Amino acid sequence: MSNRENYVNKVQLSFESNVSLIDGSTILDFIEIANIINIPIMAVDNLTIDERNKLIDDASISRFSLVSPAHMYNLHCNTSYNLEQAITVLRNHLSDMDSNQHIIVTRKNLSGKNIDEIKRNLPKIRFQYELIGIFSETKNILKWAAHDRRIDFFAVDLSSNISSIDAALCSLIKQNNKFVELSLASLLTSGDDKEFSQSLRNGKKLMKLLLQNRTPFIFSMNPKSPLHLRNGSQMRFLGELLGVSYNQTKKAVFENQFSALISNIIKLNDSSIFEGVKEGI
Amino acid sequence: MVIITRDRYVVINFITDESYVSMNLIKTKVWQTYQNVFGISGSSSAGLYFEHFDEKKKSGIIRCSHDSLSSLLTVLALITKVDGIDVILHPIYVSGVINKAKKYLT
């Protein structure tokens with residue numbers, strides 16, 4: 001039997017990058033399901049770093065142990081490590097991590113009507129969240145965001161209009177080391193066959209564009225309910241529906257998200273006044 | 001010429017909040033979703049067969065041809081509701097031998 005067929009026997013690290021707690025489910029409900037289907041890292045939308053730390057303290061009485069990525073970084077990495085070394089060390093740690101331990105990441109999804117509004121909001125949230133994504137259907141906003149180093153992900157919902165993403169934007173995203181985030185939720189939650197086929201069509205079109213321009217992308221389930229969570233392997237199989245092969249999505253379910261997270265953790269921990277210059281005592 | 005098809009046995013767990021989910025409804029849902037996504041021709045060549053189901057343990061084994069394994073796993077990922085009940089059909093093991101697959105039934 002080939003390795004590909006026997007995928008479920010191997011450990012596939014997964015990263016759910018956009019969990020919303022708007023439907024009344026708590027973080028522990030999500031953690032319980034994530035524990036069963038092996039998702040060690042989850043990014044929770046609209047949860048600030050302070051709120052997350054309080055949540056971690058509150059969850060200490062439950063059977064799960066929640067940790068922050070900054071804690072994990074400080075525990076296992078030296079300040080002399082570069083990004084690649086830090087990613088390798090933390091990745092190895094994740095593979096050997098206790099199955100009841102979960103990493104909670106904070107995230108904010110930005111959306112605004114114009115560039116000025118986003119420019120005003122970005123500095124306010126910069127140090128409160130570890131990952132920042134942007135969701136917009138306006139081309140100008142997306143092109144501006146592609147140049148901004150504070151933004152990590154360009155969120156795309158397959159049920160919405162995707163015409164704002166074109167080859168020029170893909171090229172900009174690739175140049176600035178950012179990622180297009182495809183939310184696969186609409187494939188699971190579409191009300192009827194028409195909506196499902198529309199989402200599939202949008203997804204196939206977008207995947208073709210991303211592959212043509214070699215733009216890095218990530219998959220997320222954007223679950224509103226804990227039972228809409230899917231692990232990395234399942235997301236990769238859903239990706240096959242969008243016309244991208246299983247092997248091409250190797251980095252889309254963990255590696256890309258994880259590298260963005262670690263690079264942000266290093267930036268947030270860094271005491272430099274500006275790049276290369278540190279304050280003397 | 002006799003063509004022998006190679007089979008794969010997928011062990012699945014049902015994750016749900018409810019204490020009981022009817023296996024017949026799950027079988028129907030898998031068939032229905034497979035036909036919706038891959039068509040009648042696709043589902044006929046998949047050779048789906050529900051080998052073993054345990055409602056108490058909430059687990060089961062689905063047999064399919066080795067060519068259709070990825071399609072079956074896609075279909076399992078797509079299913080979110082069975083008869084109005086939220087459910088995850090989580091594949092935990094894939095084997096080419098049924099006896100080995102049976103060891104992984106929870």
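Residues numbered from 1 in each chain as written. Chains lettered and ligands numbered in written order. Predicted model: local features only at pLDDT ≥ 70, side-chain atom pairs only at ≥ 80, totals over all residues. Heavy atoms only, no water.

## Some remarks on the overall build of chain A
Test applied: Secondary structure counts use DSSP, requiring at least four H or I residues in a row for a helix and at least two E residues in a row for a strand, with both numbered from the N terminus. Using C-alpha atoms as the atom set, the radius of gyration is obtained and then compared with a globule rule of 2.2 Å times the number of residues to the power 0.38. Residue exposure (1.4 Å probe, protein chains only): buried if accessible area is under 20% of the type maximum, exposed if over 50%, otherwise partly exposed. Whether two residues are in contact is decided by their heavy atoms: any pair within 4.5 Å suffices. The method behind every accessible area is Shrake-Rupley, applied with a 1.4 Å probe, and residues are considered shielded solely by the protein chains displayed. When charges are counted, neither His nor the chain ends are considered; positive counts come from Lys and Arg and negative counts from Asp and Glu. In plain terms, the charge of a residue is placed at NZ if it is Lys, CZ if Arg, CG if Asp and CD if Glu.
The secondary structure content of chain A amounts to 11 helices and 10 strands. Relative to a compact globule of 281 residues, whose C-alpha radius of gyration would be 19 Å, chain A shows 19 Å and is just as compact. The 281 residues of chain A split such that 53% are buried. At a minimum sequence separation of 6, the contacts of chain A that also span at least 24 residues come to 76%. Just so you have it, chain A exposes about 13400 Å², and 47% of that area is on carbon and sulfur atoms. Averaged over its 32 positive side-chain charges, chain A has a centre that lies 8 Å from the centre of its 30 negative ones.

## As for the interface of chain B and chain A
Selection criterion: In this description, buried area is defined as the sum, over both parts, of the accessible area (probe of 1.4 Å) that is lost when the two are combined. Between N or O atoms, a polar contact is any pair within 3.5 Å; within protein, one atom must be a potential hydrogen donor and the other a potential acceptor, and residues adjacent in sequence are included only when both atoms are from side chains. Any residue that is not Ala, Val, Leu, Ile, Met, Phe, Trp, Tyr, Cys, Pro, Asp, Glu, Lys or Arg is counted as polar, Gly included; the first ten are nonpolar and the last four charged.
Taken residue by residue, the interface counts 26 residues in chain B and 26 residues in chain A. Carbon and sulfur atoms make up 64% of the area that chain B and chain A hide from each other, which totals about 2100 Å². On inspection of chain B and its partner chain A, the count reaches 4 residue pairs in polar contact (both at pLDDT 80 or more). Contributing elements (two or more residues each) for the side of chain B that touches chain A: β1 (7-16), α1 (23-46), α2 (69-78) and β5 (85-95) of chain B. The leading source of residues in the side of chain B that touches chain A is β5 of chain B, at 10 residues. Looking at side-chain class alone, the side of chain B that touches chain A contains 15 nonpolar, 8 polar and 3 charged residues.

## Side note on the packing of aromatic side chains
Two numbers describe a pair of aromatic rings. These are the distance of the centres and the angle of the planes. Heads up, the condition is: Between 30 and 60 degrees the pair is tilted, below 30 it is stacked and above 60 it is edge-to-face, where a pair is any two Phe, Tyr or Trp rings, Trp via its six-membered ring, whose centres lie within 6.5 Å. Two conditions define a charge located above a ring, namely a distance within 6 Å from the ring centre to NZ of Lys or CZ of Arg, and an angle within 35 degrees of the ring normal.
Scanning the model with the defined rule gives 8 aromatic pairs over all chains in all. Ring geometry for phenylalanine 153 of chain A versus phenylalanine 179 of chain A: centroids 6.2 Å apart, planes at 50°, classification tilted. Placement of the pair is phenylalanine 153 of chain A in strand β6 (residues 153-157) and phenylalanine 179 of chain A in strand β7 (residues 179-183), with a sequence separation of 26 residues. Each member of the pair phenylalanine 153 of chain A and phenylalanine 179 of chain A is classed as buried. Through pairs of rings, three or more aromatic residues link up here, namely Phe14, Phe50 and Phe53 of chain B. The ring of phenylalanine 127 of chain A has arginine 126 of chain A lying over it, and the distance from NZ or CZ to the ring centre is 5.5 Å. The cationic tip of arginine 236 of chain A hangs over the ring face of tyrosine 246 of chain A; the distance from NZ or CZ to the ring centre is 4.0 Å.

## Notes on the pairing of β6 of chain A
All names here are of chain A. Our working definition: Any two strands between which DSSP finds at least two bridges are classified as paired. For crossovers, right-handed means that the path from the first strand over the helix to the second runs clockwise, given strands pointing away from the viewer.
With 4 of its 5 residues buried, β6 lies for the most part within the structure. Pairing analysis gives 2 bridges linking strand β5 (residues 131-134) to β6, with the strands arranged parallel. Considered in β6, the bridge of glycine 133 is made with phenylalanine 153. Taking the sense of rotation as the criterion, the β-α-β connection linking β5, helix α6 (residues 139-147) and β6 turns out right-handed. The sheet contact formed by β6 and β7 spans 5 bridges and is parallel. Bridge pairing in β7 places phenylalanine 154 opposite valine 180. Assessed by its sense of winding, the connection that carries the chain from β6 through helix α7 (residues 167-175) to β7 is right-handed.

## A short note on the pairing of strand β3 (residues 59-65) of chain B
Consecutive residues of a regular strand have side chains that alternate between opposite faces of the sheet. Residue and element names in this part refer to chain B. Within β3, 6 of the 7 residues are buried, which leaves the element mostly enclosed by the surrounding structure. Of the pairings in the sheet, the one linking β1 to β3 comprises 7 bridges and is antiparallel in character. What sits directly across from tyrosine 9, in β3, is arginine 63. Between the end of strand β2 (residues 49-54) and the start of β3, which pair antiparallel, lie 4 residues, with lysine 58 showing a positive phi angle near 55°.

## Observations regarding the nonpolar core
Note the cut-off: What we call a nonpolar core is a set of buried Ala, Val, Leu, Ile, Met, Phe, Trp, Tyr and Cys residues that are connected through their side-chain atoms within 4.5 Å.
Counting residues in hydrophobic clusters, the biggest one holds 45 residues, and the most contacted among them are Ile134, Leu182, Leu184, Phe217 and Phe219 of chain A. Examining the composition of this core, we find that 6 residues originate from one element, helix α9 (residues 193-212) of chain A, more than from any other.

## Some points on the sheet that holds β5 of chain B
All names here are of chain B. Judged by pairing direction, the sheet is antiparallel, and its 5 strands sit side by side in the order β2-β3-β1-β5-β4 without closing on themselves. Lying at the two open borders of the sheet, with one neighbouring strand each, are β2 and β4 (81-82). As defined by bridge partners, β1 adjoins β5 across 8 bridges and the pair is classed as antiparallel. Counted as the bridge partner of tyrosine 9 is serine 95 from β5.

## Observations concerning a negative patch on the surface
Just so we agree on the cut-off: Patches were defined on residues exceeding 30% relative accessible area and lacking a salt bridge, with like-charge contacts within 9 Å and nonpolar side-chain contacts (Val, Leu, Ile, Met, Phe, Trp, Tyr) within 5 Å. The working definition used for a salt bridge is a side-chain nitrogen of Lys or Arg within 4 Å of a carboxyl oxygen of Asp or Glu.
On the surface, Asp29 and Glu32 of chain A together with Asp17 and Glu18 of chain B cluster together to form a negatively charged patch. On the secondary structure map, aspartate 29 of chain A appears in helix α1 (residues 27-36). Assessed through its relative accessible area of 35%, aspartate 29 of chain A is described here as partly exposed.

## Some details on the environment of threonine 88 of chain A
Residue placement: threonine 88 of chain A occurs in helix α4 (residues 83-96). Remark: the alpha-carbon pair of threonine 88 of chain A and lysine 54 of chain A, spanning 34 residues in sequence, is separated by 29 Å.

## Digging into the confidence of the model for chain B
Residue and element names in this part refer to chain B. Note the following rule: As a per-residue quantity, pLDDT reports the predictor's confidence and falls between 0 and 100.
When the pLDDT values of chain B are averaged, the result is 91; 99% of them are 70 or greater. Ranking the elements of chain B by mean pLDDT puts β2 last with 88 and α2 first with 95. Both scores are given for the predicted complex: the pTM is 0.89, the ipTM 0.92.

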